Amino acid sequence: MKKLNILFVMLLLSATSLLAQIPNAINFQAIARDANGDVMANTTIMIQLTVLDGGAEGTQVYKEVRSQITNGYGSFSFQIGVNPYMSVGDFSAIDWANGEKYMKVDYDPTASLNFDLTLGTIAFATVPYAFAAGAVSYIDLTGVQEGDVLLYNAATGKFEPGQITNGDVEWSNILNKPNFATVATSGSYNDLSDLPSLNTANWDAAYSWGDHASAGYLTEYTETDNIFVNSPAFGVTSSNVTNWNTAYSWGNHANAGYLTEFTETDNIFVNSPAYGVTSSNITNWNTAFGWGNHAGMYRGATWVPTWTDITSKPSTLAGYGITNAMSTSHAANGITSTNISNWNSAYSWGNHAGLYRSNTWVPAWSQITSNPFSINSPLNNQLLIYNSSSSKWENWTPNFLTSEVDTIFWKQNNGNINMINHKGGIFVGNKVIDYPHNVPLYLWSDTVNIVNAMLYSKVNGSTTVIASMINMSRDTSAIGYGTGISYRLSNISNQILEYGFVGGVIEDNTIGQEDGGLVFAVRDNGNHRQQKMRLSSTGNLGIGTLTPKSRLQVSSGDVYIDNVGSGVIMKDSNGSCWRVTVNTSGEFQSTMIPCPENAKSENSMPAPDKVIIQKGNEE
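About the criteria used
- All chains use their own residue numbering, which begins from 1 and follows the written sequence.
- Under the rules for a predicted model, residues below a pLDDT of 70 receive no local features and side-chain atom pairs below 80 are neither given nor counted, while totals for whole chains, interfaces and linings still include all residues.
- With hydrogens and water stripped out, all remaining heavy atoms of the structure feed into the side-chain values.
- Strands are runs of DSSP state E lasting at least two residues, helices are runs of H or I lasting at least four, and both sets are numbered from the N terminus onward.
- Only protein chains enter the calculation, and the probe is 1.4 Å; a residue is then buried if its accessible area is under 20% of its type maximum, exposed if over 50%, and partly exposed in between.
- Throughout, a contact is declared for two residues whenever any of their heavy atoms are within 4.5 Å.
- Exposure was quantified through the Shrake-Rupley algorithm and a 1.4 Å probe, taking into account, for residues, occlusion by the shown protein chains and nothing else.
- Cysteine sulfur atoms that pair up within 2.5 Å are treated as a disulfide.
- When a carboxyl oxygen of Asp or Glu is within 4 Å of a side-chain nitrogen of Lys or Arg, the pair counts as a salt bridge.
- Put simply, two rings from Phe, Tyr or Trp (the six-membered ring, in Trp's case) pair if the centres are within 6.5 Å, and we call them stacked under 30 degrees between planes, edge-to-face over 60, tilted for the rest.
- We call a charge positioned above a ring when the Lys NZ or Arg CZ atom is no farther than 6 Å from the ring centre and deviates by at most 35 degrees from the ring normal.
- Every residue carries a pLDDT, the predictor's confidence in it, which falls somewhere between 0 and 100.
- The term polar contact refers here to a pair of N or O atoms within 3.5 Å; inside protein, the definition further demands a hydrogen-donor-capable atom paired with an acceptor-capable atom, and it admits residues adjacent in sequence only when both atoms are side-chain atoms.
- Two strands pair if DSSP finds at least two bridges between them.
- Structural elements are reduced to axes, namely lines fitted to C-alpha atoms, with helices fitted over the stretch in contact, and the angle between N-to-C directions of any two is expressed from 0 to 180 degrees.
- Residues belong to one nonpolar core when they are buried, are Ala, Val, Leu, Ile, Met, Phe, Trp, Tyr or Cys, and are joined through side-chain atoms within 4.5 Å.
- In this analysis, a patch consists of residues with relative accessible area above 30% that form no salt bridge, clustered at 9 Å for like charges and at 5 Å for the nonpolar side chains Val, Leu, Ile, Met, Phe, Trp and Tyr.

Mind showing me how you'd approach the overall build of the chain here?
The number of helices and strands found in the chain is five helices and 30 strands. Burial analysis of the chain (619 residues in total) assigns 16% to the buried set. Long-range contacts, defined as pairs at least 24 residues apart, comprise 35% of the intrachain contacts of the chain with a sequence gap of at least 6. A total accessible area of about 46,200 Å² is found for the chain, and carbon and sulfur atoms account for 54% of it.

What should I look at first to understand helix α2 (residues 200–208) in this one?
Working note: α-helix, 3.6 residues per turn, so residues spaced by three or four point in the same direction. The element α2 is largely exposed, with a buried count of zero among its nine residues. Looking one or two residues beyond α2, the residue adopting positive phi is Gly210, at roughly 100°.

Looking at this structure, how should I read the state of the cysteines?
Two cysteines joined by a covalent bond between their sulfur atoms form a disulfide. In total, this model carries one disulfide according to the counting rule given. At a sulfur-sulfur separation of 2.0 Å, the disulfide partner of Cys577 is Cys595. In this structure the cystine formed by Cys577 and Cys595 twists about its S-S bond by roughly 110°; its chirality is therefore right-handed. With Cys577 in strand β28 (residues 577–582) and Cys595 in the loop between β29 (588–593) and β30 (611–613), this pair connects stretches of sequence that are 18 residues apart. Judged by relative accessible area, which is 2%, Cys577 ranks as buried. The class of Cys595 is buried, set by a relative accessible area of 2%.

Sorry, what's going on with the pattern of salt bridges here?
Oppositely charged side chains can pair when the atoms bearing their charge come close. The final tally for this structure, using the stated rule, is three salt bridges. Between Arg66 and Glu64 there is a salt bridge, and its shortest N-O distance comes to 2.8 Å. With respect to class, Arg66 is no different from Glu64; both count as buried. Across the pair Lys571 and Glu597 runs a salt bridge, and its minimum N-O distance is 2.4 Å. With Lys571 in strand β27 (residues 568–571) and Glu597 in the loop between β29 and β30, this pair connects stretches of sequence that are 26 residues apart.

Just checking my understanding: could you explain the packing of aromatic side chains for this structure?
What describes a pair of aromatic rings is the distance from one ring centre to the other and the angle between the planes of the rings. Throughout the structure, instances matching the rule amount to eight aromatic pairs. Ring centres 6.4 Å apart and planes at 15° place the aromatic pair Phe76 and Phe78 in the stacked group. Taken as a pair, Phe76 and Phe78 share a single burial class, namely buried. An aromatic cluster is built from Tyr62, Phe91, Trp96 and Phe124, whose rings are joined through pairwise contacts. The aromatic ring of Trp303 is capped on one face by Arg299, whose charged end is 4.2 Å from the ring centroid.

When you look at the confidence of the model for the chain in this model, what are you seeing that I'm missing?
Keep in mind that low pLDDT regions are not for reading the predicted coordinates in detail. Per-residue confidence for the chain averages 75 on the pLDDT scale, and 72% of its residues sit at or above 70. Low pLDDT, under 50, characterises residues 435–439; the predicted model gives this stretch eleven contacts beyond four residues in sequence or across chains.

In this structure, what is going on with the side chain of Lys101? I would like to understand it.
Within the fold, Lys101 resides in strand β7 (residues 101–108). Of note is the side chain of Lys101, whose polar atom sits 2.6 Å from the backbone oxygen of Asn98. Within the local environment of Lys101, its side chain forms a polar contact with the backbone oxygen of Gly99, the two atoms lying 3.2 Å apart.

Honestly, the sheet that holds strand β4 (residues 59–69) in this entry has me stumped. Any pointers?
What holds strands together in a sheet is hydrogen bonding between their backbones, with the strands either parallel or antiparallel. Reading across the sheet, the five strands line up as β6-β4-β3-β7-β8 and stay open at both edges, with antiparallel pairing between neighbours. Every other strand in the sheet has two partners, leaving β6 (86–88) and β8 (117–123) as the edge strands with one partner each. Going across the sheet, the axis of each strand differs from the next one's by a mean of 15°, ignoring polarity. Sheet topology note: the strand β3 (residues 44–53)/β7 ladder contains eight bridges and is antiparallel. By the bridge assignment, Val51 is partnered in β7 with Met103.

What's the story with the sheet that holds strand β9 (residues 138–139) in this structure? I'm lost.
With mixed pairing, three strands are arranged side by side in an open sheet as β9-β11-β10. What marks the edges here is a single partner per strand, and that holds for β9 and β10 (149–153). Pairing of β10 with strand β11 (residues 158–162) involves five bridges; the strand directions are antiparallel. Directly across from Leu150, in β11, lies its bridge partner Pro161.

I'm lost on the nonpolar core in this one. Help?
Generally speaking, a soluble globular protein has its nonpolar side chains buried in company with each other. In terms of nonpolar packing, the biggest core is built from 20 residues, with Phe28, Leu49, Phe76, Ile80, Phe91 and Met103 touching the most fellow members. For this core, the elements supplying multiple residues, two or more each, are β2 (26–34), β3, β5 (75–80) and β7.

Before we go on, may I ask you to explain a nonpolar patch on the surface in this structure?
Together, Trp365, Ile368, Phe373, Ile375, Leu384, Tyr386 and Trp393 make up an exposed nonpolar region whose accessible area comes to about 710 Å². Mapped onto the elements of the fold, Leu384 is located in strand β13 (residues 383–387). Using a relative accessible area of 46% as the deciding quantity, one classes Leu384 as partly exposed.

Can you help me understand unusual backbone geometry in this one?
Of note in the backbone geometry, Ala111 takes a positive phi value of approximately 55° without being a glycine. If you trace the backbone, Ala111 turns up in the loop between β7 and β8. A positive phi angle is found at Ser556, which is not glycine, with a value near 55°.

Mind showing me how you'd approach the side chain of Gln68 here?
As for its position among the elements, Gln68 is in strand β4. Residue classification places Gln68 among the buried residues on the basis of a relative accessible area of 13%. Among the polar contacts listed, one links the side chain of Gln68 to the backbone oxygen of Ser77, at a separation of 3.5 Å. Those residues in contact with Gln68, other than ones at most four positions away along the chain, are Thr43, Thr44, Ile45, Phe76, Ser77 and Phe78.

Here it is as structure tokens:
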């Protein structure tokens, strides 16, 4: 299994000035490593990035697939949102200003759109949210001076520095003014509402008493005794006074009929367990309570610890005082009496040192005894021959015939010369020539118009004899059929008829501009050749037409695709591939798929009944 070691570096592609346009892209960089931590250098991989809204399991707002080739260090990088291999949604339409955004990263080290490896989901940091700044107004501080304020310029759409004078702002031209009370503009005390009732007469009388600043009143005093400090009232607080006043308000309880004395007439308290409790008991019990809750802190008197309960156990046998014992980790711990008996038996067999070879030992040629071969200075193409004198196989150069050039004429019929040359080729024709020796079958004729070379075979059935042959013919009289293969069969009446023809065709017989093509013809009911398909010299294929105008042209018929889900594959200007199919309502629909040239396995290739349309070189 492979993994991706993410060194995420996601940087907003923001410019250095607030005036720059914020691009819709985020840098993504990572290093791919395999399961052993080794860098996956120069390897094609695929990454799937999904932007989620609201949380790690939120709603998908954008998804894109990347096909990347790592460099020599396993590193690769791209810009999220720019020219993805495949995408779902509009990256530029993501609302970064509302809600948290998360990104899920899936990884396919086989580059076959099989994203079984999920590398996790991470929250976007602050930086990508700068996309939201694309909708704010900008500030241009060019030429700013002391005392300037920012004024919005509708022509430029920016806030720019400027001066405001008294003539620029008037109360009458201020828009959306609040409704101020009268006092806000008059400043008169009498215009205030809810004026308090003022005792001005008393204030005037106090004023008439004159200035007391020099009347000789006590302004400071230092206490010289502790009368107040030593008074019981010294510690009285305002809270005490409040509580006493509250208690006073409850009334006089002196005559409320409360019990002032009582004589016990039964033994309820005497018989109570608390009757003998003394203040010493209570003191001791309070002391014991102060020691805390001891529940669960002590063992019972009969408790005995198990081996696992014991702590700080010795880790060696000597720690237990054992000096004559062997630990289970010792190599001799597993020795049995049977082992000892066997070893004693082996010892009685004697010392075997030097008696045997290692099981990996292989003898050298010189160490082999009774060697039946005697090879001296071997040469290329020599043979081994047995020498009875030396009783050895020896290398030997053969002295028999190694080459000969002969031509064997084996039949001459009606002026045609049939012969087999020394290379095994068969010559058929009416003239003896020096034809290529490496050609197994060579046909020759001086006839201008037609040469027929028939390969004839006969199949014997139970009641009929069916003959078949292949006829290769040449017709150079005019524009039309050329050399090809004619498939002829004998019918049940033993008539030999042409049932099919595949061969070349002359499209332009102009000297120096000869154009040719390839035709496929079949026999009609009148035993005439009928062209059904033609491949022109320009690479156009026509079905039902002799002059195809495009890479594939179908005339007088339909193109039938009977496999549900299959259709026509076309590539758009961005290099993405789309399969066009039809739904149950007869409407066309398109689905993005991997382009066939990017498919990594047989399973991902288009089915045979799909028609692929793309622009390519005419070869």
